[in-house]
Amino acid sequence: MTEEQSHTQSASEEEADEQSIQDAAKLSPRLIYEVIRRDGEEELERPTRSLIWSGIAAGIMISFSVLGEAIFRTYLPDAPSSYLIENLGYSLGFLLVILGRMQLFTENTITTVLPLMAAPTRVMFGRVCRLWGIVLIANVIGAFMIAAVFAHTSAISPDLMPALMSLSEHAVGMPAGESFMRAIPAGILVAAIVWMLPQVENAAFFVILVFTWLIAAGDFTHIVAGSVEMGLLAVTGNLGFIDAIFGFFLPVLFGNVVGGTAIFTLMAWGQVRDEMVEQI
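First, a word on what this report is: a plain description of the structure on this page. This one's a predicted model, so the numbers in the text were calculated from it and none came from an experiment. (Residues numbered from 1 in each chain as written. Predicted model: local features only at pLDDT ≥ 70, side-chain atom pairs only at ≥ 80, totals over all residues. Heavy atoms only, no water.)

1. Observations regarding the overall build of the protein chain
Scanning the protein chain for helices and strands turns up 14 helices and zero strands. What you see in the protein chain, going N to C, is helices and strands ordered as α-α-α-α-α-α-α-α-α-α-α-α-α-α. For the protein chain, the residues scored as buried account for 46% of the 280 residues in total. Within the protein chain, contacts between residues at least 6 apart in sequence are counted, and of these 85% link residues at least 24 apart. Surface exposure of the protein chain reaches about 14,100 Å², of which carbon and sulfur atoms provide 64%. (Helix = DSSP H or I, 4+ residues; strand = E, 2+ residues; numbered from the N terminus. Buried < 20%, exposed > 50% of the residue type's maximum accessible area, 1.4 Å probe, protein only. Contact = heavy atoms within 4.5 Å. Areas by Shrake-Rupley, 256 points an atom, 1.4 Å probe, with all protein chains shown as cover.)

2. What about a nonpolar patch on the surface?
Taken together, Phe-64, Leu-92 and Leu-96 make up a surface patch of nonpolar side chains, about 240 Å² in accessible area. Residue Phe-64 is classed as partly exposed on the basis of its relative accessible area, which comes to 35%. (Patch = residues over 30% accessible without salt bridge, like charges linked within 9 Å, V, L, I, M, F, W, Y side chains within 5 Å. Salt bridge = Lys/Arg side-chain N within 4 Å of Asp/Glu carboxyl O.)

3. Concerning the packing of aromatic side chains
What the rule picks out here adds up to three aromatic pairs. Seen in terms of ring centroids, Phe-105 and Trp-132 are 5.5 Å apart; in terms of plane orientation they differ by 75 degrees. Their pairing is edge-to-face. You can see Phe-105 sitting in helix H7 (residues 105-111) and its partner Trp-132 sitting in helix H9 (residues 122-152), a full 27 residues away along the chain. The pair Phe-105 / Trp-132 is uniform in exposure class, with both members buried. Their ring planes at 80 degrees and their centres at 5.3 Å tell us that Phe-205 and Phe-206 sit as a pair that is edge-to-face. (Phe/Tyr/Trp six-rings, centres within 6.5 Å; stacked < 30°, edge-to-face > 60°.)

4. Observations concerning the nonpolar core
One finds Ile-62, Phe-94, Phe-105, Leu-164, Trp-195, Ile-223 and Phe-249 to be the most contacted residues of the largest nonpolar core, which totals 73 residues. It is H9 that contributes the most residues to this core, twelve residues altogether. When sequence neighbours within four positions are dropped, the list of residues in contact with Ile-62 reads Gly-93, Phe-94, Val-97, Leu-104, Val-224, Ala-225 and Val-228. (Core = buried A, V, L, I, M, F, W, Y, C linked by side-chain atoms within 4.5 Å.)

5. Details of the pattern of salt bridges
Inspection of every chain in the model, using the stated rule, returns nine salt bridges. Between Glu-45 and Arg-127 there is a salt bridge; the shortest N-O distance is 2.6 Å. Here Glu-45, found in helix H2 (residues 29-45), pairs with Arg-127, found in helix H9; they are 82 residues apart in sequence, far enough to count as distant. Judged by its relative accessible area of 25%, Arg-127 is partly exposed. The residue Glu-86 makes a salt bridge to Arg-73 at a minimum N-O spacing of 2.9 Å. In this pair, Glu-86 is assigned in helix H5 (residues 82-86) and Arg-73 in helix H4 (residues 63-75), connecting sequence segments 13 residues apart. Relative accessible area serves as the criterion here: at 32%, Arg-73 is assigned to the partly exposed category.

Shown next as structure tokens:
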């Protein structure tokens, strides 16, 4: 082997080693931010009809969180540890929605806000409000649709209805102030899932499973999953409009937004703001 060939081989090995190091290295906060920001810009560009159908699908699919929890509660033995196992059911709907790339309102409290923070213009603010409004309404429509199916058809076993009603009454029955405060950690946790997913592609299932389980086990409130419970009580005549909107929906909505946007997104932006300015 000539000296030139040896030098070429050595350079190739160094390049391969460097590529291996880069592949194994953790993504920096700036790169995670950039991945989520670009994803948010793509979401903001989606047609209204696509957002509506995706949002309705998410509202329907998130019902499997409530249903999964009800199944565990119905069939697990009456033991202290059953509570922890029961709340694994809550993760099922989130796995369907997040891995299925459907439009979930609480994901958008970070995904679409990062582009706004990068370009805080009136036009961008209007685009974010448009997407938030469309997705939230679509999520609630889907949640009420599936709640009506649960309540007024034979789609699910009658054995599950007592657990479904019990879960719904607990979730919606908190005082408004308590619902608001318990919605803040839920907003933070969902935003944290969004922030972690770009770096844990192969472990996405387990990240979603663990942290949505924590939402349920911590007895925190989530606006979309909670809308299924609110819808179930409403369509069965156990919840009035005023109590639904002012006692549950608005407090939980604002709490999730505070957790997902005002706290977590500002923390995420604070990590990368100076780096983004230097890059520009």
